[in-house]
Amino acid sequence: MESPEKNDAVAFESAEKIILRWDSTVSEEAREKMIFNGDRHEIDRYLEAVDEIQRSMESTTLSVSDDHDKANTAIQIAMARLEDEFRNILIAHTNAIEAESLTDPSLSEEDCRDTPRAGDDDSFSKELEKQESSTSSSYRSTNSIREVDLMPSEAIYDLRCIAERMISAGYLRECIQVYGSVRKSAVDSSFRKLGIEKLSIGDIQRLDWETLEAKIRRWIRAAKVCVRTLFASEKKLCEQIFEGLGTATDDACFMETIKGPAIQLFNFAEAISISRRSPEKLFKILDLHDALSDLLTDIEIVFESKSSESIRVQAVEILSRLGEAARGILSEFENAVLREPSRVPVPGGTIHPLTRYVMNYISLISDYKQTMVELIVSKPSTGSRYSSDPNTPDMDFSELEGQTPLALHLIWIIVILQFNLDGKSKHYKDTSLAHLFMMNNVHYIVEKIKGSPELREMIGDDYLRKLTGKFRQAAVNYQRATWVRVLHCLRDEGLHVSGSFSSGVSKSALRERFKAFNALFEEVHRTQSVWLIPDTQLKEELQISISEKLIPAYRSFLGRFRSHIESGRHPENYIKYSVEDLENAVLDFFEGYAVSQHLRRRSQ
Amino acid sequence: MPMTDNQGSFLNRISIRRNQVSNMENNHEQDIEDLELFQKHVADRFSDLLPNDPPSTTDSPAIDQSPLFSISWFRKLLDVFLCCEAEFKALVLIGRDPVQFSKPPLDRLVPDILERSIKSLDICNAVTHGLELVHHWQKLAQIAVTAFEQKPMGDGQVRRAKKALNTLLTSMMLDDKENNYHAKAAERTWSFGRRSGGGGGGAGNNNKDRTNGTFRSMSWSVAKSWSASKQIQAMASNLVAPRGGEPTGLAVPIYAMGTIFVFVMWALVAAIPCQERTGLLTHLPLPRNLNWGQALIALQDKIAEEWKKKEKKGTTGLLDEMQKMEKVAQNLVDFAENFQFPAEEEKLEEVAEQVAEMAEICRKMEEGLTPLQQQIREVFHRIVRSRAEVLDVLDQIGKMSPPVPY
């Protein structure tokens with residue numbers, strides 16, 4: 001008759017035999033083969049043996065200390081073996097993430113949840129499905145997360161089988177250690193493939209900005225793949241292997257795997273966020289800010305557990321620093337515009353490079369309006385920082401109620417640009433040129449604003465009108481500065497002498513007038529042809545405006561007084577130019593190149 | 001947000017009396033007084049960190065029995081750093097006319113300040129990373145503790161503990177690059193020396209993976225060329241005591257703060273494993289003639305002593321818990337090697353003591369490592385903030401502002 005104890009003892013002995021047979025510290029054969037590379041039958045036998053030993057340990061049949069010790073030893077040998085098997089399976093599947101997966105998941109529109117594959121075990125695949133549906137609600141909220149299968153489901157099944165045994169035997173820690181160390185090296189090689197570098201903060205401060213820009217671009221692409229695919233897939237893998245085994249084991253394994261790499265990833269963004277501020281960095285910083293902001297929801301999901309809090313916190317801190325950096329850079333930029341010191345006057349009074357740069361810069365800012373409007377929250381500081389400083393313009397913001405702080409900053413930038421340009425204009429020896437310069441530049445500002453709907457909306461039509469008024473006024477100032485003298489020669493007063501015989505006109509005075517007019521006009525023609533008004537329409541308008549005053553005055557002057565000159569000697573010395581000559585000459589103005597000294601003379 | 005300044009005790013010690021009027025004569029005496037107070041505080045705080053020293057001021061907190069170089073001692077060290085730094089900022093930056101920093105001798109000190117900040121940030125990151133490794137060791141030790149604590153103690157548990165402890169010890173020894181011979185020791189704990197069977201990847205690669213995988217669960221997170229000892233060296237080389245009789249007294253506190261920076265970073269690097277510590281300085285340029293210099297020198301001597309011991313023995317670093325862990329682990333491994341079931345009563349009692357000690361070490365680490373990491377992160381944030389404030393000052397004097405690039 002067989003007693004239950006005897007059955008148990010037999011079962012125990014045969015289980016022990018199997019375990020001992022696979023003890024690699026004593027058996028050469030055990031060292032050469034892996035159980036889990038063999039056939040299924042062998043695997044099942046071994047696992048059953050482990051289960052049997054485990055059962056015996058928990059039951060009361062082994063009360064004798066010797067037997068207990070034997071079971072103890074057997075379990076340890078089994079666990080050591082299973083640990084190696086576990087490691088081996090993991091290593092066999094540590095290929096870096098496939099290249100196809102290395103694209104930004106948010107670019108694809110389809111919902112890319114992988115369907116569970118049918119495993120050998122029906123219950124297991126059902127379990128997979130259950131796992132997926134339980135987590136799917138949180139993932140569906142962002143379509144951008146896309147996990148990929150990091151290893152075949154057979155491997156996952158095997159790993160889970162081993163993990164179950166290890167964990168129920170109390171070897172949870174070993175399991176986590178092995179898992180973490182192997183998976184981490186897989187993540188590391190994926191990082192290398194993605195081009196994520198190991199740079200210190202010192203390294204990053206020393207790199208030139210152009211190089212950094214390229215690295216930031218690459219980082220943005222890589223970070224999206226990391227968070228949305230790589231980390232998410234690792235998390236899924238942990239769940240598939242460990243969910244339900246032990247307490248939060250899947251989370252512990254996930255952390256063990258990705259904590260280091262995640263910190264390494266974010267350290268780069270952190271280093272950028274604390275780098276020295278200079279204006280050219282603004283837009284890449286904004287790109288980085290937007291990318292990280294975009295990723296934040298996914299980061300919150302992937303790193304939702306308590307143990308990953310520090311990573312979430314770091315991401316939020318970096319985002320905040322990037323915002324601060326953007327604010328600081330804008331402030332830097334404003335200072336730089338105000339203090340831009342170049343004194344060499346731009347030849348020909350044309351557009352100053354500063355004007356172009358600033359207007360391009362703020363146009364680009366208006367492209368980033370969505371982000372900038374959120375980041376820029378305080379008005380430009382005028383007055384308090386620069387108290388009664390003659391080197392800064394005043395700005396009354398009270399009439400600009402209702403504008404966003406960003407808009408106020410942009411207007412302020414235009415104000416200080418003009419202020420600076422005004423200072424520069426004073427370096428022109430010729431006041432006419434100074435006015436022309438201002439006209440050109442303020443006009444350019446107006447055109448740039450009109451050319452960008454975003455910018456125009458923020459600057460507002462009120463201020464735009466003001467600017468328009470300014471350049472028109474500059475045009476008027478120019479005309480006064482140049483043409484008053486010239487037209488002065490064509491005035492009536494001083495030519496008539498009362499009580500004279502020849503209808504009261506002083507011939508000598510008249511001759512002087514003509515000579516003066518010719519000299520002045522030639523002078524103006526010579527100098528101002530070299531000046532430049534780059535905007536064709538503006539140039540034509542100004543030429544027309546000049547003509548409108550010049551031509552009628554000359555025509556009427558000629559009409560009234562030519563006879564007096566023609567009745568004297570050498571009239572050609574005084575009446576050098578016909579009306580058409582003048583009309584043509586005006587067309588030479590502001591073309592930017594010297595014309596021949598000799599104006600076209602009227603045909604003899 | 002965990003970025004707040006640690007101002008608790010510091011505000012008790014100084015009152016912020018900054019005269020906003022930029023009249024140098026009126027402020028001069030005030031300055032000298034504040035300067036002396038600052039130096040005294042620094043000296044006091046660092047003296048408090050020395051063991052067996054009585055508290056030097058009546059309002060300092062009661063002495064915590066933190067053994068030198070333990071986790072809690074380092075937390076105090078970082079506290080001291082934060083206090084000194086806050087006081088330094090109040091003294092040197094707040095309410096000052098920025099123009100002072102554009103004139104000698106301060107103008108050439110400022111770039112050093114910025115450079116030191118950057119290096120310190122990198123060291124903070126490296127040390128935080130190193131603490132992860134220590135955390136990893138703690139978990140290995142915990143396996144051994146759990147195994148040994150099972151009664152009755154059987155072959156199985158002892159083997160389990162031995163395996164974990166060997167992994168631990170090997171990992172600790174692999175820390176320093178030059179100790180390559182220990183890679184052979186690694187093979188002992190492997191059940192088998194080579195991998196067999198099919199599967200992806202080349203065999204050679206995988207062997208390396210496995211070695212790296214088990215014995216150091218993380219590769220360093222910085223470029224191979226980064227060296228902690230070189231960073232410290234560079235920082236120390238910029239520490240030049242101000243010559244006597246300089247026009248502004250600010251050079252002195254700047255020098256003091258710079259020294260504190262270097263000292264704290266040096267202590268952290270000596271204690272906690274981070275990349276490339278060979279050739280770490282054993283002596284920093286510290287001023288013997290100043291009160292705070294004396295306090296630092298006393299600590300430095302202790303650190304240097306321990307470091308030399310470490311180099312000789314090939315241990316991992318100065319952190320007290322780590323050193324103890326290494327010692328106990330070795331004892332336990334020796335016990336395990338000679339273990340035979342059933343063991344003698346007295347042997348079991350001895351081991352139980354060691355196991356209890358190891359459990360205590362693990363407990364201290366469990367309690368202290370994460371807060372220490374958080375504190376280092378706080379230090380990181382503080383350094384970032386202060387550096388930004390210095391850069392602000394530079395902007396105001398318009399010197400370092402980059403020209404508009406076109």
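Just so you know, these numbers come straight off a predicted model, no measurement behind them. (Residues numbered from 1 in each chain as written. Chains lettered and ligands numbered in written order. Predicted model: local features only at pLDDT ≥ 70, side-chain atom pairs only at ≥ 80, totals over all residues. Heavy atoms only, no water.)

Further remarks concern the overall build of chain A. What chain A contains, in helices and strands, is 21 helices and zero strands. By the burial criterion, 54% of the 604 residues in chain A qualify as buried. Put simply, of all contacts in chain A between residues at least 6 apart along the chain, 80% involve residues at least 24 apart. Roughly 27300 Å² of accessible area belongs to chain A as shown, and the carbon and sulfur atoms make up 50% of that amount. (Helix = DSSP H or I, 4+ residues; strand = E, 2+ residues; numbered from the N terminus. Buried < 20%, exposed > 50% of the residue type's maximum accessible area, 1.4 Å probe, protein only. Contact = heavy atoms within 4.5 Å. Areas by Shrake-Rupley, 256 points an atom, 1.4 Å probe, with all protein chains shown as cover.)

A few words on the overall build of chain B. Helix and strand counts for chain B come out as twelve helices and zero strands. Along chain B, helices and strands appear, N-terminal first, in the series α-α-α-α-α-α-α-α-α-α-α-α. Expressed as a percentage of its 406 residues, the buried residues of chain B come to 55%. A sequence separation of at least 24 residues applies to 80% of the contacts in chain B between residues at least 6 apart.

A word on the packing of helix α20 (residues 536-566) of chain A against helix α21 (residues 579-586) of chain A. All names here are of chain A. Between α20 and α21, the shortest axis-to-axis distance is 10 Å and the interhelical angle comes to 165°. Between α20 and α21, the crossing angle belongs to the class labelled roughly antiparallel. Crossing hand, α20 versus α21: right-handed. Contacts between α20 and α21 involve Q543, I546, S547, L550, I551, Y554, R555 and L558 from the first element and V579, L582, E583 and V586 from the second. Split by residue class, the contact of α20 with α21 holds eight nonpolar, two polar and two charged. (Axes fitted to C-alpha atoms, helices over the stretch in contact; angles between N-to-C directions. Parallel < 35°, antiparallel > 145°, perpendicular 65-115°, else oblique. Left-handed = near helix turned anticlockwise from the far one by under 90°. Nonpolar A, V, L, I, M, F, W, Y, C, P; charged D, E, K, R; others polar.)

Side chains that differ in sign of charge can pair as their charged atoms come close. Tallied over the full model, the rule gives 51 salt bridges over all chains. When the shortest N-O distance is used, the salt bridge between D23(A) and R159(B) registers 3.8 Å. Placement of the pair is D23(A) in the loop between α1 (4-21) and α2 (28-32) and R159(B) in helix α5 (residues 155-174), with the two residues belonging to separate chains. Relative accessible area serves as the criterion here: at 7%, D23(A) is assigned to the buried category. When its relative accessible area of 29% is taken as the criterion, R159(B) is described as partly exposed. Among the salt bridges present, the one from K324(B) reaches D320(B), with a minimum N-O distance of 2.7 Å. (Salt bridge = Lys/Arg side-chain N within 4 Å of Asp/Glu carboxyl O.)

The residue D122(B) is located in helix α4 (residues 106-149) in this model. As a buried residue without a salt bridge, D122(B) has its nearest oppositely charged side chain in R206(A), at a separation of 6.2 Å. A polar contact is formed between the side chain of D122(B) and the backbone nitrogen of G202(A), at a distance of 2.9 Å. Other than its neighbours up to four places away in sequence, D122(B) contacts S200(A), I201(A), G202(A) and W226(B). (Lys, Arg positive; Asp, Glu negative; His and termini not counted. Polar contact = N/O pair within 3.5 Å; in protein donor to acceptor, adjacent residues only side chain to side chain.)

Turning to the side chain of S308(A), a few remarks are in order. Residue and element names in this part refer to chain A. Mapped onto the fold, S308 is located in the loop between α11 (282-302) and α12 (309-339). At 2.9 Å, the side chain of S308 and the backbone oxygen of S305 are in polar contact. Ignoring sequence-local partners within four residues, the contact set of S308 consists of M255 and F303.

Think of an α-helix as turning once every 3.6 residues; residues three or four places apart then point the same way. Residue and element names in this part refer to chain A. With 15 residues, helix α13 (residues 353-367) extends 21 Å from end C-alpha to end C-alpha; this agrees with the ideal 21 Å at 1.5 Å per step. For α13, the complete set of buried residues consists of L354, T355, Y357, V358, M359, Y361, I362, S363, I365 and S366. Elements that come into contact with the buried residues of α13 comprise α11, α12, α14 (369-375), α15 (405-425), α16 (431-451) and α17 (453-459). (Expected span 1.5 Å × (residues − 1).)

If you check helix α11 (residues 320-337) of chain B, its first and last C-alpha atoms are 26 Å apart, about what 18 residues at 1.5 Å a residue would give, namely 26 Å. Residues of α11(B) that are buried make contact with α3 (71-92), α4, α5, α9 (251-271) and α12 (345-396) of chain B.

Here the focus is the nonpolar core. Ranked by size, the top nonpolar core spans 307 residues in total, and within it F231(A) and F46(B) carry the most contacts. With 22 residues, α4(B) is the single largest residue contributor to this core. Setting aside residues up to four positions removed in sequence, F231(A) forms contacts with V187(A), F191(A), C226(A), F254(A), I258(A), A262(A), L265(A), V302(A) and F303(A). (Core = buried A, V, L, I, M, F, W, Y, C linked by side-chain atoms within 4.5 Å.)

Unlike most non-glycine residues, F590(A) shows phi in positive territory, near 60°. Relative to the helices and strands, F590(A) is located in the segment after α21. F590(A) sits in the buried class, given a relative accessible area of 0%. Located in the positive-phi region is F69(B), a residue other than glycine, with phi close to 70°. Within the secondary structure, F69(B) sits in the loop between α2 (24-49) and α3. Taking relative accessible area as the criterion, F69(B) reaches 4% and is therefore assigned buried.

Okay, the environment of F333(A) next. Residues and elements named next belong to chain A. Of note, F333 is situated in helix α12. Along the primary structure F333 and E280 are separated by 53 residues, whereas in three dimensions their C-alpha atoms are 8.8 Å apart. Those residues within four positions of F333 in sequence are excluded, and the remaining contacts are P279, Y357, V358, Y361, I362 and I413.

Residue and element names in this part refer to chain A. Across chain A, the average pLDDT comes to 85, with 86% of residues at 70 or higher. Low pLDDT, under 50, characterises residues 108-141; the stretch is placed with 41 contacts to residues that sit more than four places away or in other chains. Across residues 383-387, confidence stays below pLDDT 50; counting only partners more than four residues off in sequence or on other chains, it has six contacts. (pLDDT = per-residue confidence, 0-100.)

Residues and elements named next belong to chain A. Counting across every chain of the model gives 30 aromatic pairs over all chains. Their ring planes at 50° and their centres at 6.1 Å tell us that W483 and F521 sit as a pair that is tilted. On the criterion of sequence distance, the pair formed by W483 in helix α18 (residues 461-488) and F521 in helix α19 (residues 507-530) is long-range, its members being 38 residues apart. The burial state of W483 is the same as that of F521; both residues are buried. Consider the rings of F589 and F590, whose centres lie 5.7 Å apart with planes at 70°: the pair is edge-to-face. (Phe/Tyr/Trp six-rings, centres within 6.5 Å; stacked < 30°, edge-to-face > 60°.)

Now for a negative patch on the surface. Residue and element names in this part refer to chain B. A cluster of acidic residues, E344, E345, E346, E349, E350, E353 and E357, forms a negative patch at the surface. As for its placement among the helices and strands, E346 is situated in helix α12. We classify E346 as exposed; its relative accessible area is 58%. (Patch = residues over 30% accessible without salt bridge, like charges linked within 9 Å, V, L, I, M, F, W, Y side chains within 5 Å. Charge placed at Lys NZ, Arg CZ, Asp CG, Glu CD.)

We now examine the packing of α19(A) against α20(A). Each pair of packed helices can be described by the angle between their axes along with the distance between the axes. Residues and elements named next belong to chain A. Where α19 contacts α20, the two axes come as close as 11 Å, and the packing angle between them is 145°. For α19 against α20, the interelement crossing comes out left-handed. Of the residues in α20, those in contact with K507, L510, R511, R513, F514, F517 and F521 of α19 are L550, Y554, F557, L558, F561, H564 and I565.

Attention now goes to the environment of L159(A). Residue and element names in this part refer to chain A. Its location among the elements puts L159 in helix α6 (residues 153-168). With 415 residues separating them along the chain, L159 and Y574 place their C-alpha atoms 108 Å apart. Beyond its immediate sequence surroundings of up to four residues, L159 is in contact with F86, I89, L90, M151 and I241.

Residue and element names in this part refer to chain B. The share of residues in chain B with pLDDT of 70 or more is 75%, and the mean pLDDT across the chain is 77. Summarising per-element confidence for chain B, the mean pLDDT is lowest in helix α7 (residues 203-215) (36) and highest in α3 (93). Below pLDDT 50 for its whole length, residues 1-25 participates in 41 contacts with residues either more than four positions away or in separate chains. Among the scores for the predicted complex, ipTM is 0.83 and pTM is 0.84.

Looking now at the environment of Q205(A). As for its position among the elements, Q205(A) is in helix α8 (residues 201-206). Distance in space between the C-alpha atoms of Q205(A) and A71(A) is 60 Å, their sequence separation being 134 residues. Those residues in contact with Q205(A) that lie beyond four places of it in its chain are A271(A), I274(A), S275(A), R276(A), I118(B) and R387(B).

Scanning the entire structure with this criterion turns up zero disulfides over all chains. Of all cysteine sulfurs, the one in C83(B) lies closest to C84(B), which takes part in no disulfide; the gap is 6.8 Å. Taking the relative accessible area as the measure of exposure, C84(B) reaches 0% and is therefore buried. With no disulfide of its own, C362(B) lies 19 Å from the sulfur of C253(A), the closest cysteine sulfur. (Disulfide = S-S within 2.5 Å.)

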